[in-house]
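# Secondary and tertiary structure notes
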Amino acid sequence: MPKNWDIYMDVAHCNLDGNADAVEFCPHHSFEHVLAASTYTLQEGDKPSRRGSISLFYVDAQAGQFGLNYQIETAGIFDIKWSPVGGNAGPLLAQADADGCLKIHELKRRVAESASHENYLEEVCGEHISSSMCLCLDWNQSSTSINVGLSDGSVSIVSLVESQLSILREWKAHEFELWATSFDIHQPNLVYTGSDDCKFSCWDLREDPSNIVFQNSKVHKMGVCCIAKNPNDSNVLLTGSYDEYLRIWDMRSISQPVSKSSLCLGGGVWRIKYHPTIPDLVLTACMHNGFAIVKTKNGEAESIEAYNNKHGSLAYGADWQREKIHKQGKQGNSVVATCSFYDRLLRVWIPKSDIFE
């Protein structure tokens, strides 16, 4: 490893070809070193267009290796997500874009010995979901269905069967842009949504989607940006908002969250990612205030590390690398990727080891 790392142990950084808005480490076995980064760039003029790209990087922090493997040009992308481990397919990367399309790419590895670290994407299928823009997406745990949030406030449930996408249902869920949509990983018939209308909602797919399970319109003072269910506790769910608060919800009553607590992070909370192996530890992207690592144990939230002096614009993308981090019985080697929008900056770094003790 380089000897001149600071307390954050920066691994590498680079500038992307467009405004950076999402980074996602592949969670699938033997592909954990693959990092996908997406961009969205508005090209103004007589005929404005929204262009984007997906770039694949190889990341091995322990060996000090970082490099671009592959890149494709696309419509402007708002969100990307890898298919879950243990599902019926994978590794697949789903793309929600400004043209109103949902596209599925399969991750493949080149067979040439000289290109052992080179991976690429092959488009499996695509579907024009709406005349509105696709802003966010989430896979169900079996990788057979994807929900997509739209700029007109609607949500679409799309099935993926034998490399074919088809819209199962779509309904008007919110009044304004829908920035957050998430399947409940413990109860796959439940879908959560959040929007610029400041509402946090839950829907049961076993019923008519117009019959909402609950809708909270009083807690978030600004738009709801992200939703994350705790993978280790079926009663805990997190929301992030433009109002700069990370909120912890107790979901023991399906008709209405029982209680909530909150933590101000000093910037709009755009992204929340649970650590892949350490319970209750989350990585957050905080727009105007960089990135923060937060402990959310026993209904309380505490910011334990900030990474807010290495990015120069809106902090949007953040993810943990899903590596085998128990080689020496320690939790100190978690690797993080973050990206910021206008400066087109992608960074890979390692948090301070003492936060995992």
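Just so you know, these numbers come straight off a predicted model, no measurement behind them. Numbering of residues begins from 1 in every chain and follows the order in which that chain's sequence is written. Totals for whole chains, interfaces and linings use all residues, but because this is a predicted model, local features are given only for residues with pLDDT of at least 70 and pairs of side-chain atoms are given and counted only at 80 or more. Hydrogens and waters are ignored; side-chain quantities use all the structure's heavy atoms.

### Overview of the overall build of the chain
As a reminder, the rule being used: Secondary structure elements are defined from DSSP: runs of H or I of at least 4 residues count as helices, runs of E of at least 2 residues count as strands, and each element is numbered from the N terminus. As a reference, a globule follows 2.2 Å times the number of residues to the power 0.38, and the radius of gyration itself is taken over C-alpha atoms. Exposed residues in this analysis have more than 50% of their type's maximum accessible area, buried residues have under 20%, and partly exposed residues fall in between, with area computed by a 1.4 Å probe over protein chains only. The contact rule is simple, with two residues in contact once any of their heavy atoms fall within 4.5 Å. All accessibility values rest on the Shrake-Rupley procedure with a 1.4 Å probe; residue burial counts only the protein chains present in the view. As used throughout, the charge tally considers Lys and Arg to be positive and Asp and Glu to be negative, leaving His and the chain termini uncounted. A charge is said to be at NZ when it belongs to Lys, at CZ for Arg, at CG for Asp and at CD for Glu.
The helix and strand inventory of the chain stands at 0 helices and 28 strands. A compact globule built from 357 residues should have a C-alpha radius of gyration of about 21 Å, and the chain, at 19 Å, falls within 12% of that. Here the C-alpha coordinates of the chain stretch approximately 55 × 45 × 45 Å along the principal axes. Burial statistics for the chain: of 357 residues in total, 59% are counted as buried. For the chain, contacts bridging at least 24 residues in sequence account for 50% of all contacts bridging at least 6. In the structure as shown, the chain presents an accessible area of about 15000 Å², 45% of it carried by carbon and sulfur atoms. For the chain, the distance from the average site of its 31 positive side-chain charges to the average site of its 44 negative ones is 4 Å.

### Comments concerning the pattern of salt bridges
Threshold: Salt-bridge detection follows one rule: a side-chain nitrogen of Lys or Arg within 4 Å of a carboxyl oxygen of Asp or Glu.
In the structure shown here, the tally under the stated rule is 13 salt bridges. The salt bridge partner of Asp 79 is Arg 271, with a shortest N-O separation of 3.5 Å. With Asp 79 in strand 6 (residues 77–82) and Arg 271 in strand 22 (residues 271–274), this residue pair connects regions lying 192 residues apart in the sequence. Judged by relative accessible area, Asp 79 falls into the buried class, the value being 2%. The class of Arg 271 is buried, set by a relative accessible area of 10%. A salt bridge links Arg 110 to Glu 118; the nearest nitrogen and oxygen atoms lie 3.6 Å apart. The partly exposed category is assigned to Arg 110, whose relative accessible area is 35%. When salt bridges with common partners are traced through the structure, they connect Glu 24, Lys 273, Asp 319 and Arg 322 into a single cluster.

### Re the packing of aromatic side chains
Our working definition: Geometry of aromatic contacts follows a simple scheme: Phe, Tyr and Trp rings, the Trp one being its six-membered ring, pair when their centres are within 6.5 Å, and the pair is stacked under 30 degrees between planes, edge-to-face over 60, tilted otherwise. Note on geometry: a ring has a charge over it if NZ (lysine) or CZ (arginine) is within 6 Å of the ring centre and within 35 degrees of the ring normal.
Using the criterion set out here, one finds 14 aromatic pairs in the structure. Here Tyr 40 and Phe 78 contribute two aromatic rings whose centre-to-centre distance is 4.7 Å and whose plane-to-plane angle is 35 degrees, an arrangement assigned as tilted. Note that Tyr 40 is positioned in strand 3 (residues 34–43) and Phe 78 in strand 6, a separation of 38 residues in sequence. Owing to a relative accessible area of 13%, Tyr 40 belongs among the buried residues under this scheme. On the basis of relative accessible area, Phe 78 is assigned to the buried category, the value being 14%. Judged by centre distance (6.1 Å) and plane angle (45 degrees), the ring pair of Tyr 242 and Trp 270 falls under tilted. Residue Tyr 242 is located in the loop between strand 19 (236–241) and strand 20 (245–250), and its partner Trp 270 is located in the loop between strand 21 (259–264) and strand 22; the two are separated by 28 residues in the primary sequence. Relative accessible area serves as the criterion here: at 23%, Tyr 242 is assigned to the partly exposed category. For Trp 270, a relative accessible area of 10% corresponds to the buried category. Each member of the aromatic cluster is reached from another via a ring pair, and the members are Tyr 40, Phe 78, Trp 179, Tyr 242, Trp 270, Tyr 316, Phe 341 and Tyr 342. Looking at Arg 109, its charged tip hangs above the ring of Phe 31, at a distance of 4.5 Å from the centre.

### Focus: the environment of Cys 101
Within the element layout of this structure, Cys 101 appears in strand 8 (residues 101–109). On a C-alpha basis, the gap between Cys 101 and Glu 127 in space is 5.6 Å, while along the polypeptide they are 26 residues apart.

### Digging into the sheet that holds strand 6
Defined as follows: When DSSP locates at least two bridges between a pair of strands, those strands are taken to pair. Axes here mean lines fitted to C-alpha atoms, for a helix over just the part in contact, with angles spanning 0 to 180 degrees between N-to-C directions.
Taken together, the 4 strands give an open sheet; going across it, the order is 6-7-8-9, and neighbouring strands pair in antiparallel fashion. With partners counted over all chains shown, the strands left at the sheet margins are strand 6 and strand 9 (119–128), one partner each. Taken pair by pair, the neighbouring strands of this sheet meet at an average axis angle of 25 degrees, ignoring direction. Two strands pair when backbone bridges link them, and strand 7 (residues 92–97) and strand 8 are joined in this way by 5 bridges, in the antiparallel orientation. Its bridge partner being in strand 8, Leu 93 is matched across the sheet by His 105.

### Structural notes on the nonpolar core
Defined as follows: Remark: nonpolar core denotes a set of buried residues (Ala, Val, Leu, Ile, Met, Phe, Trp, Tyr, Cys) joined through side-chain atoms within 4.5 Å.
Membership of the largest hydrophobic core comes to 18 residues, with the highest contact counts inside it found for Leu 16, Val 23, Leu 35, Phe 57, Leu 346 and Val 348. Contributions of two or more residues to this core are made by strand 1 (10–15), strand 2 (20–25), strand 3, strand 4 (49–60), strand 27 (336–340) and strand 28 (345–349). What Val 23 contacts, discounting residues up to four positions off in sequence, is Leu 35, Ala 36, Ala 37, Lys 273, Gly 317, Ala 318, Asp 319, Ala 337, Thr 338, Cys 339 and Leu 346.

### Some thoughts on unusual backbone geometry
Even without a glycine there, the phi angle at Glu 162 is positive, about 50 degrees. Checked against the element boundaries, Glu 162 lands in the loop between strand 12 (154–161) and strand 13 (164–172). Look at Glu 244: it is not a glycine, yet its phi comes out positive at around 80 degrees. Along the chain, the position of Glu 244 falls in the loop between strand 19 and strand 20. For Glu 244, a relative accessible area of 29% translates into the label partly exposed.

### A look at the pairing of strand 4
The buried fraction of strand 4 amounts to 9 of the 12 residues, a majority that puts the element mostly inside the structure. Relative to strand 4, strand 3 is paired through 10 bridges, and the arrangement is antiparallel. Across the sheet, Ser 38 pairs through a bridge with Ile 54, a residue of strand 4. Between strand 3 and strand 4, which pair antiparallel and follow one another directly, the connecting turn spans 5 residues, one of which, Gly 45, has a positive phi of 145 degrees. The hairpin formed by strand 4 and strand 5 (residues 65–75) contains 4 residues between the paired strands, and Gly 64 there has a positive phi angle of roughly 70 degrees.

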